[in-house]
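Descriptive analysis of the structure
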There are 2 protein chains.
Amino acid sequence: MTSASQILQGNRLALAKLLTQIENNTTDGRAALAELFPKTGGAYRIGVTGAPGTGKSSLVNQLALHFRRSEALGSMRVAVVAVDPSSPFTGGAILGDRVRMRDLLGDPGVFIRSMASRGSLGGLAVATSGVVQALDAAGFEIILIETVGAGQAEVDIARLAHTTLVIEAPGLGDDIQAIKAGILEIADVLVINKADRPGVENTERALRSMLQLGHPMVRRFQSHTRETGHLSTDNEAVGMKTSSEKPELPLWIPPIVRTIATEGQGIPELAGAIEQHRQHLQLSGEWSQRELNRLHAELDLLVRETLMSRWLSRTPPENYQQVLERVIRRELSPWQAADELVKEC
Amino acid sequence: MTSASQILQGNRLALAKLLTQIENNTTDGRAALAELFPKTGGAYRIGVTGAPGTGKSSLVNQLALHFRRSEALGSMRVAVVAVDPSSPFTGGAILGDRVRMRDLLGDPGVFIRSMASRGSLGGLAVATSGVVQALDAAGFEIILIETVGAGQAEVDIARLAHTTLVIEAPGLGDDIQAIKAGILEIADVLVINKADRPGVENTERALRSMLQLGHPMVRRFQSHTRETGHLSTDNEAVGMKTSSEKPELPLWIPPIVRTIATEGQGIPELAGAIEQHRQHLQLSGEWSQRELNRLHAELDLLVRETLMSRWLSRTPPENYQQVLERVIRRELSPWQAADELVKEC
């Protein structure tokens, strides 16, 4: 039996082995992915991102438990992919696994995978995408994709996910403001975790004014924005709006949800906001647009990787070394050297 | 006169224009860089990285002022490159400029440049490297390269810099520990900023134990580690060690320096630690090794970019579109699609 068919039958060990092959980008891994790819498309992908110190891992933990225990949704199978792009040298994400395991250990409907960067630009995004595809084909209905840090990895996640949560927390310092500006634009739902900390009002006010400055939907419909209540995300607060110009097209303004993940507070409301966003994606037709953008971005990335590995296999190391030495002697600029190396190929 | 020769004569406007061309990766920008490249190699590059909330910008500000005012060093010309990989959509780094300008405004020996990501993987690293080359050729003796966030960008910075500072601050939350593990391995000097905050002892203890666990040099020479004093980095504390096995080769253990950047405290000590590291690089021969690694990494990145742009220019958009549609219909997996697109090229 192929590893792909074992995985489709629910074999966890075969799945774990395939994920390792995907991470290592082996030929076998790619063949299995090709076999599994037609079975993908059933999972709902939730991206979770935010600065260090916001309590992302606890929140992901609680969301996973919520989806497992939800009676309304019929106890969905949940996978967690924790991506740690800041650990290029060590496999630093292992710690996260152990912390999470306490609550989710032994539950056959949960699968947790940590991934650390392999040091290659783009390599992590390619591997994460493949891992998510495999989990999707394996029948996990919810896939939570968590990243540590704030950077290109988050943008790539926004492309992978149907709904992207951006997590904030009160009292994380001053220059965090600068971070948020860019990251806000990928947010579908904003979460203020650790909402029992002092300064939560300031954090919410700052987020709200940044939303008004920075979010394209909000810029267009500023007059519609208003305050939401504490620890609540009812239909009012979720912020689905109808444009006055095109009344048939619903628009999405990221709601702000307060949570205290360590105590499980605000988690049902957050799950509600995610569900509202899912419905919005389907009603507005944005779902298929996101699917298109995601596959387009992934294809671009894979073309890059394929071009590079083909070039590496065709270029003798001595040629590369000779050109590099001319750069070191300042005879060639790096761009000239790259042109020369690629021309020969 | 070419823009390159204007820049070599100290024309700031020509320099600013070239940096924009480099950011936009224009043909003119690449030609000017090729002309300037033989003049590079004179600058000392200092990378500054750390989580949000650690006060990196203030610290970079104070270091710039220190190098400008230093009598011992004869008032060096200082450039600051602030890289913000978390702002892929907006040009979020502009704020940083304005904050900094208050202290450094109008000083002709200072040049400040903010850069935001253009959204392309690798594009920011390529652009930053080009900007640093241009500033180097323009005669800036110190180049401070600052990044926001924690991720691949920091690793790329570590490759660009001679000395990499990793900034921490007390009281930034719990899961920050997970971040540090990877980022610590690129640190040449560890800085605890905001050292007047409660919890500074805990932060230093945590850093020290992580150093012992995680740093390759420290792992090998654990028995040599010891405590440093408060706000001091004298020769004792800088931690240059001689291996007992190979007495002729000096080894570097990252010292921990406490600072309060907003009050200028600890800045001379930090500058001292940087100078010690510079001497270490020269004595140990690591300088030329780092130079080689840096140019190697840059050449790899440029080969990738060149391969992709050549491929784009050769591939008709219709072909790409057709293959993408087959992926969307799940007839081809993304890897198969990439293989097919590259094969045709």
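Quick note: structure is the one above.
Just so you know, these numbers come straight off a predicted model, no measurement behind them.

1. So, the overall build of chain A
Counting its regular elements, chain A contains 15 helices and nine strands. Pairs at least 24 apart in sequence give 73% of the contacts found in chain A among residues at least 6 apart.

2. Topic: unusual backbone geometry
For Arg330(A), which is not glycine, the phi torsion reads 65 degrees and is therefore positive. Looking at the secondary structure, you find Arg330(A) in the loop between helix H14 (317-328) and helix H15 (334-344). One non-glycine residue, Lys194(B), lies in the positive phi region at around 55 degrees. Relative to the assigned elements, Lys194(B) resides in the loop between strand E6 (189-192) and helix H9 (200-214). What makes Lys194(B) buried here is the crowd of 25 C-beta atoms within 10 Å.

3. Structural notes on the nonpolar core
In terms of nonpolar packing, the biggest core is built from 166 residues, with Ala134(A), Leu144(A), Ile145(A), Ala134(B), Leu144(B) and Ile145(B) touching the most fellow members. Excluding residues within four positions of it along the chain, Ala134(A) makes contact with Ile7(A), Leu15(A), Leu18(A), Leu19(A), Ile22(A), Leu33(A) and Leu36(A).

4. Re helix H14 (residues 317-328) of chain B
Residue and element names in this part refer to chain B. The end-to-end C-alpha distance of H14 is 16 Å, a good match for the 16 Å that 12 residues give at a rise of 1.5 Å each. Turning to H14, its buried residues are Val323, Leu324 and Val327. Buried residues of H14 fall within an arc of 105 degrees about the axis and therefore sit on the same side. Opposite the buried face of H14, by more than 90 degrees, sit the exposed residues Glu318, Gln321 and Gln322. Looking one or two residues past H14, Arg330 carries a phi angle of roughly 60 degrees, positive in sign.

5. Description of the environment of Ala137(B)
Residues and elements named next belong to chain B. Examined against the element boundaries, Ala137 turns out to sit in helix H6 (residues 123-137). Since 24 C-beta atoms lie within 10 Å of it, Ala137 is described here as buried. Measuring from C-alpha to C-alpha, the distance between Ala137 and Thr40 comes to 4.6 Å, with 97 residues separating the pair along the chain. For Ala137, the residues in contact, after removing those within four places along its chain, are Ile7, Leu8, Leu36, Lys39 and Thr40.

6. Considering helix H2 (residues 12-23) of chain A
All names here are of chain A. Under the 1.5 Å per step criterion, the end-to-end length of H2 is 17 Å for 12 residues, consistent within 8% with the ideal 16 Å. For H2, the complete set of buried residues consists of Ala14, Leu15, Leu18, Leu19, Ile22 and Glu23. Phi turns positive one or two residues past the end of H2, at Asn25, with a value near 55 degrees.

7. Some thoughts on the packing of helix H2 (residues 12-23) of chain B against helix H3 (residues 27-36) of chain B
All names here are of chain B. Interhelical geometry of H2 versus H3 gives an angle of 115 degrees and a closest axis separation of 7 Å. Pair H2 / H3 crosses with left-handed handedness. Contacts between H2 and H3 involve Leu18, Gln21 and Ile22 from the former and Asp28, Gly29, Ala32 and Leu33 from the latter.

8. Brief notes about the environment of Thr147(B)
Residues and elements named next belong to chain B. For Thr147, the location among the structural elements is in strand E4 (residues 142-147). Of the residues examined, Thr147 has 25 C-beta atoms within 10 Å and is grouped as buried. Counting along the chain gives 97 residues from Thr147 to Gly50, while the straight-line C-alpha distance between them is 7.6 Å.

9. Overview of the packing of helix H12 (residues 267-284) of chain A against helix H13 (residues 286-314) of chain A
Residue and element names in this part refer to chain A. Where H12 meets H13, the closest approach of the two axes is 5 Å, and the angle between their N-to-C directions is 90 degrees. As the angle between them shows, H12 and H13 are arranged roughly perpendicular. Packed against H12, whose contacting residues are Leu281, Gln282 and Ser284, the element H13 presents Glu286, Trp287 and Arg290 at the interface. When the residues that make up the contact of H12 with H13 are grouped by side-chain class, the tally is two nonpolar, two polar and two charged.

10. Some remarks on the pairing of strand E1 (residues 44-50) of chain B
Residues and elements named next belong to chain B. Of all seven residues making up E1, six are buried, and the element is well covered by its neighbours. Sheet analysis places E1 next to E4, joined by five bridges and oriented parallel. When the sheet's bridge partners are listed, Val48 is paired in E4 with Glu146. One ladder, built from five bridges, connects E1 with strand E5 (residues 163-168); its direction is parallel. In the sheet register, Gly47 faces E5, and the bridge partner there is Thr164.

11. What about the pairing of strand E4 (residues 142-147) of chain A?
Note on strand geometry: in a regular strand, side chains alternate between the two faces of the sheet. Here E4(A) lies mainly inside the structure; six of its six residues are buried. By the alternation rule, side chains of E4(A) split into Ile142(A), Leu144(A) and Glu146(A) and Ile143(A), Ile145(A) and Thr147(A), which are all buried.

Cut-offs applied
Residues numbered from 1 in each chain as written. Chains lettered and ligands numbered in written order. Predicted model: local features only at pLDDT ≥ 70, side-chain atom pairs only at ≥ 80, totals over all residues. Helix = DSSP H or I, 4+ residues; strand = E, 2+ residues; numbered from the N terminus. Contact = placed C-beta atoms within 7 Å. Buried ≥ 20, exposed ≤ 12 C-beta atoms within 10 Å, placed from the backbone. Core = buried A, V, L, I, M, F, W, Y, C linked by C-beta atoms within 7 Å. Expected span 1.5 Å × (residues − 1). Arc of directions from axis to C-beta. Axes fitted to C-alpha atoms, helices over the stretch in contact; angles between N-to-C directions. Left-handed = near helix turned anticlockwise from the far one by under 90°. Parallel < 35°, antiparallel > 145°, perpendicular 65-115°, else oblique. Nonpolar A, V, L, I, M, F, W, Y, C, P; charged D, E, K, R; others polar. Pairing = 2+ DSSP bridges.

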